Amino acid sequence: MNKSNFANLALMLAAFIWGTAFVAQSVGMDYVGPLTFLCTRSFIGAAALLPVSLLIDHGKKKNGTFVENTPTDRKNLLVGGILCGLALCVASGLQQIGIQYTSVGNAGFITSMYMLIVPVLSIFLGKKVPKKIWFCIAVAAVGLYFLSISGGLSVSKGDVLIAVCALFFAIQIMIVDYYAPLVDGVKLSCMQFTVAGVISLVPALIFETPEPYNIVRAIVPILYAGLFSSGIAFTLQIVAQKYAQPTVATLLMSMESVFSMLGGIVLLSQIPSARQVFGCVLVFCAVIASQVSKEAIKGIFKAKHRNA
């Protein structure tokens, strides 16, 4: 198996883990509150990434490419980690609370809207939004109508919270995009999970009074969301994106939303209506279309032709 195919499989596995983690998030709240779940999974995610960071540094020292961090590097890591962690905490907190009032399938597809929100927010950075993005947003809006709005034009509280969470995930991604070239990506992610855990700890203690017994009862979904979703899947993404074509990587990681719905159907018996499935298809197509350019599609077909 060549590196490209291995990378594609790794990204598909990462998307599967991220998608099914929505199920773990839902099940975990049978035992603990949303903030307690977020806090514990964040600390576990940080702990999972710490050895990855150490291994990467060890490898760099071994091949002579390791460079000591300067005071500026440490400052960027601290500031970037705090800002990313704050945005991640708000986004994940809203998502965790919202899942209580909607299906994991809805949560997965609505969260994926962050891919459309990012280019819109870039307007504030002086960037132009391609016309294609506005068309994709319109298609996604129609999809959200079929996915979330029922008779009487009412929308569930959970879907609203998930939609706002997508906005904060978009903000978090923009912060990461700014700081990632300046610092080590794994260290930045480890820092952001730590910050998210610390920030969510205070309200969890005030409003939910978490009990160790209940945390132990929820340990399997917490470990899945923290260790697998935050640690293993993130590591797979880092390694795989070095060898995968950007367009293919985007398509594969977008499968997260599909896996979230399949996970809800198989594991939680959350069967979507035909109307909701149609809405999911529209949102998914809009997200994919927003990320794929004509040049990228031509490149994929040329690569397949050369490999044939």
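The structure we're discussing is the one just above.
In this text, all values refer to a predicted model and were calculated from it rather than measured experimentally. (Residues numbered from 1 in each chain as written. Predicted model: local features only at pLDDT ≥ 70, side-chain atom pairs only at ≥ 80, totals over all residues. Heavy atoms only, no water.)

Novice: Where do I start with the overall build of the protein chain in this structure?
Specialist: Within the protein chain, the secondary structure is distributed over 14 helices and zero strands. Its helices and strands in sequence order give the protein chain the pattern α-α-α-α-α-α-α-α-α-α-α-α-α-α, from N to C terminus. Here the C-alpha radius of gyration of the protein chain, 20 Å, is about what a compact globule of 308 residues would show, namely 19 Å. Taking the principal axes of the C-alpha coordinates as reference, the protein chain spans close to 65 × 55 × 40 Å. Taking the intrachain contacts of the protein chain between residues at least 6 apart in sequence as the baseline, contacts between residues at least 24 apart amount to 89%. Computed over 21 positive and 11 negative side-chain charges, the inter-centroid distance for the protein chain is 13 Å. (Helix = DSSP H or I, 4+ residues; strand = E, 2+ residues; numbered from the N terminus. Rg over C-alpha atoms; globule rule 2.2 N^0.38 Å. Contact = heavy atoms within 4.5 Å. Lys, Arg positive; Asp, Glu negative; His and termini not counted. Charge placed at Lys NZ, Arg CZ, Asp CG, Glu CD.)

Novice: I keep staring at the environment of A218 and nothing clicks. Help me out?
Specialist: Along the polypeptide, A218 turns up in the loop between α9 (212-217) and α10 (219-240). Through-space distance from the C-alpha of A218 to that of A48 is 18 Å; in sequence the pair is 170 residues apart. Those residues in contact with A218 that sit more than four places away from it in its chain are G28, Y31 and V32.

Novice: Honestly, a nonpolar patch on the surface in this entry has me stumped. Any pointers?
Specialist: On the surface, I219, V220, L223, L227, F228 and I232 cluster together into a nonpolar patch covering about 460 Å² of accessible area. Of note, V220 is situated in helix α10. (Patch = residues over 30% accessible without salt bridge, like charges linked within 9 Å, V, L, I, M, F, W, Y side chains within 5 Å. Areas by Shrake-Rupley, 256 points an atom, 1.4 Å probe, with all protein chains shown as cover. Salt bridge = Lys/Arg side-chain N within 4 Å of Asp/Glu carboxyl O.)

Novice: How do you make sense of the environment of F168 when you look at a structure like this?
Specialist: Along the polypeptide, F168 turns up in helix α7 (residues 157-179). As for F168 and A91, which are separated by 77 residues in sequence, their C-alpha atoms are 5.0 Å apart.

Novice: Would you explain the packing of aromatic side chains in this entry?
Specialist: To describe a pair of aromatic rings, you give the distance between the ring centres and the angle between the ring planes. Under the counting rule described, the total for this entry stands at five aromatic pairs. The interplanar angle of 80° and the centroid separation of 4.8 Å between the aromatic rings of Y178 and Y179 together place this pair among those described as edge-to-face. Between Y224 and F228, the ring centres sit 5.3 Å apart and the planes meet at 15°, which makes this aromatic pair stacked. Remark: F228 and Y224 occur in helix α10; sequence separation between them is four residues, near one turn of the helix. (Phe/Tyr/Trp six-rings, centres within 6.5 Å; stacked < 30°, edge-to-face > 60°.)

Novice: Is there a simple way to explain unusual backbone geometry in this structure?
Specialist: For residues that are not glycine, phi is negative in most cases, and the peptide bond is trans in most cases. Positive phi, close to 40°, is recorded for T209, a residue that is not glycine. Relative to the assigned elements, T209 resides in the loop between α8 (185-207) and α9. One non-glycine residue, S269, adopts positive backbone phi at about 55°. By secondary structure assignment, the location of S269 is in the loop between α12 (255-268) and α13 (274-291). Relative accessible area serves as the criterion here: at 57%, S269 is assigned to the exposed category. (Buried < 20%, exposed > 50% of the residue type's maximum accessible area, 1.4 Å probe, protein only.)

In short, the description is geometric, and any link to function would need to be established separately.
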